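Spelled out from the first residue to the last, the chains are:
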Amino acid sequence: MARATPWRQSCPPAVRSLQQLAVHSPLFLLRQSGPTAYIVQESDSKPVQVRLGDPHFCSCKDHQKTRELCLHICWVLLKKLQLKPFNALSYQLGLVPREMAALLEPPRSERRVARKPTRAPTESQITVSRRPVQPEDICPICLLSFRDSKLPVVHCRHSCGNAVHTRCMLQVARHQLDCQDVSSHRLLTCPLCRGPFCRGTELAEAAKRRVALPLARTRGLSPVTSHDVTCVFCRAHPIVGNLYRCLQCPQVLMCAQCVSCPEYTELHSNHGYAVKKERWQTVRAAHCAPSRTVKPRVSSKQAEAEANNP
């Protein structure tokens with residue numbers, strides 16, 4: 001099939017810089033009208049229409065002026081379709097139907113059974129609880145990972161139960177209601193299942209509460225910190241957990257088990273110690289015992305010599 005736009009052998013430098021900017025830009029996918037039609041909005045700009053094809057189209061001023069790839073088209077290709085920047089399809093001016101079909105076809109492991117259309121919830125219908133968030137899940141609007149972002153979330157209460165960022169759903173609600181005030185009793189449409197999400201008043205209340213996602217469950221427990229030093233008492237290497245150091249004797253490094261051992265309490269009890277929990281932290285004073293006179297440690301041979309020579 002003949003192409004309407006010429007094939008590019010390499011990525012232009014201007015497009016490469018736009019791709020780097022698109023990966024880190026806070027854009028929102030307000031609506032997907034079809035397989036290749038999207039409505040995208042920047043944080044403080046008006047929504048624009050993006051249509052992928054041969055050639056690509058965007059209603060923003062930059063694309064209308066130069067007919068070159070813009071920030072919105074690059075964002076859809078890299079974030080929504082998950083193309084890699086080194087992929088040749090990511091910097092072409094257009095894609096033929098065969099290439100678009102290969103991009104839009106999901107992998108076999110991610111194919112889902114089609115859902116039946118969901119009716120509007122009644123007053124007696126029970127709301128759906130939030131589905132557990134997996135570490136690889138992303139927000140369907142900003143396409144950012146829940147694990148990397150620490151933003152409050154709200155979930156689809158009447159259909160699928162999937163979670164989205166609260167700030168992203170507010171942008172979608174303003175677009176669906178065509179007003180800045182989302183405090184309306186109208187039902188919002190879920191960006192994932194296209195079913196009823198929640199009412200505008202419920203979303204406004206959730207935005208005030210700012211419910212955060214329990215990311216500790218999705219991230220898992222962090223590994224215990226280990227320090228590449230040797231304990232002077234038990235000779236353990238490396239020291240796992242907190243690292244302790246005598247304030248008066250910097251060469252005395254010990255583990256948590258040896259802080260209360262007789263060797264340390266007898267010789268360094270009046271020195272105090274500092275603790276270091278992470279590798280990047282500086283050693284901070286954690287305990288300073290009151291100064292007191294400590295008897296010097298005498299070996300058995302010295303004791304016998306003193307007894308024989310009074």
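Residues numbered from 1 in each chain as written. Predicted model: local features only at pLDDT ≥ 70, side-chain atom pairs only at ≥ 80, totals over all residues. Heavy atoms only, no water.

A. Structural context of the confidence of the model for the protein. When the pLDDT values of the protein are averaged, the result is 77; 75% of them are 70 or greater. When pLDDT is averaged over each element of the protein, strand E4 (residues 57–58) comes out on top at 95 and helix H7 (residues 215–219) at the bottom at 40. Taken as a whole, residues 215–224 scores under 50 in pLDDT and shows eleven contacts with residues more than four places along the chain or in a different chain. A low-confidence stretch, residues 283–297 (pLDDT under 50), is modelled with 31 contacts involving residues beyond four sequence positions or located in other chains. (pLDDT = per-residue confidence, 0-100. Helix = DSSP H or I, 4+ residues; strand = E, 2+ residues; numbered from the N terminus. Contact = heavy atoms within 4.5 Å.)

B. The arrangement of the pairing of strand E2 (residues 37–42) in detail. Of all six residues in E2, five are buried, a share of seventy percent or more. Relative to E2, strand E1 (residues 27–32) runs antiparallel, the two being bridged by five bridges. Paired with Leu29 across the bridge in E2 is Val40. From the end of E1 to the start of E2, which pair antiparallel, there are four residues. Note: E2 against strand E3 (residues 48–51), four bridges, orientation antiparallel. Among the inter-strand pairings, Val40 is bridged to a residue of E3, identified as Val48. Count of turn residues in the E2/E3 antiparallel hairpin: five residues. (Buried < 20%, exposed > 50% of the residue type's maximum accessible area, 1.4 Å probe, protein only. Pairing = 2+ DSSP bridges.)

C. Quick peek at the nonpolar core. Val40, Val50, Leu52, Ile73 and Trp75 are the most contacted members of the largest nonpolar core, which has 30 residues in total. Among the elements of the structure, helix H1 (13–23), E1, E2, E3, helix H3 (71–80) and helix H4 (97–104) are those that each provide at least two residues to this core. Take this core: its biggest share by element is seven residues, from H3. Ignoring anything within four residues of it in the chain, the contact list for Leu52 reads Thr36, Tyr38, Ile73, Val76, Leu77, Leu81 and Met100. Of all hydrophobic cores here, the second largest spans 28 residues; its members include Ile39, Cys160, Met169 and Leu170. (Core = buried A, V, L, I, M, F, W, Y, C linked by side-chain atoms within 4.5 Å.)

D. Geometry of the pattern of salt bridges. Applying the stated rule across the entire model yields three salt bridges. Between Glu99 and Arg3 there is a salt bridge, with its nearest N and O atoms 2.9 Å apart. Placement of the pair is Glu99 in helix H4 and Arg3 in the segment before H1, with a sequence separation of 96 residues. Judged by relative accessible area, which is 10%, Glu99 ranks as buried. In this structure, Arg157 engages Glu202 in a salt bridge whose closest nitrogen and oxygen atoms are separated by 3.8 Å. Here Glu202 lies in helix H6 (residues 200–209) and Arg157 lies in the loop between strand E5 (153–155) and strand E6 (163–165), a separation of 45 residues in the sequence. On the basis of relative accessible area, Arg157 is assigned to the buried category, the value being 18%. (Salt bridge = Lys/Arg side-chain N within 4 Å of Asp/Glu carboxyl O.)

E. The sheet that holds E4, seen in detail. In space, the four strands of this open sheet follow the order E1-E2-E3-E4, with antiparallel pairing throughout. Here the strands that pair on one side only, and so sit at the sheet edges, are E1 and E4. The strands touched by helix H5 (residues 166–177) are E1 and E2; relative to E1, the strand with the most contacts, the crossing angle is about 45°. (Axes fitted to C-alpha atoms, helices over the stretch in contact; angles between N-to-C directions.)

F. Structural detail: the side chain of His155. Among the structural elements, His155 can be located in strand E5. Within the structure, His155 has its side chain in polar contact with the backbone oxygen of Val128 (distance 3.1 Å). (Polar contact = N/O pair within 3.5 Å; in protein donor to acceptor, adjacent residues only side chain to side chain.)

G. Looking closely at the packing of H1 against H3. Running from N to C, H1 and H3 point in directions that differ by 65°, and their axes come no closer than 9 Å. Between H1 and H3, the angle falls in the class roughly perpendicular. Along this stretch, H1 crosses H3, giving a crossing that reads as right-handed. Seen from H1, the contacting residues are Leu18, Gln19, Leu21, Ala22 and Val23; seen from H3, they are Leu71, Cys74, Trp75, Leu78 and Lys79. (Parallel < 35°, antiparallel > 145°, perpendicular 65-115°, else oblique. Left-handed = near helix turned anticlockwise from the far one by under 90°.)

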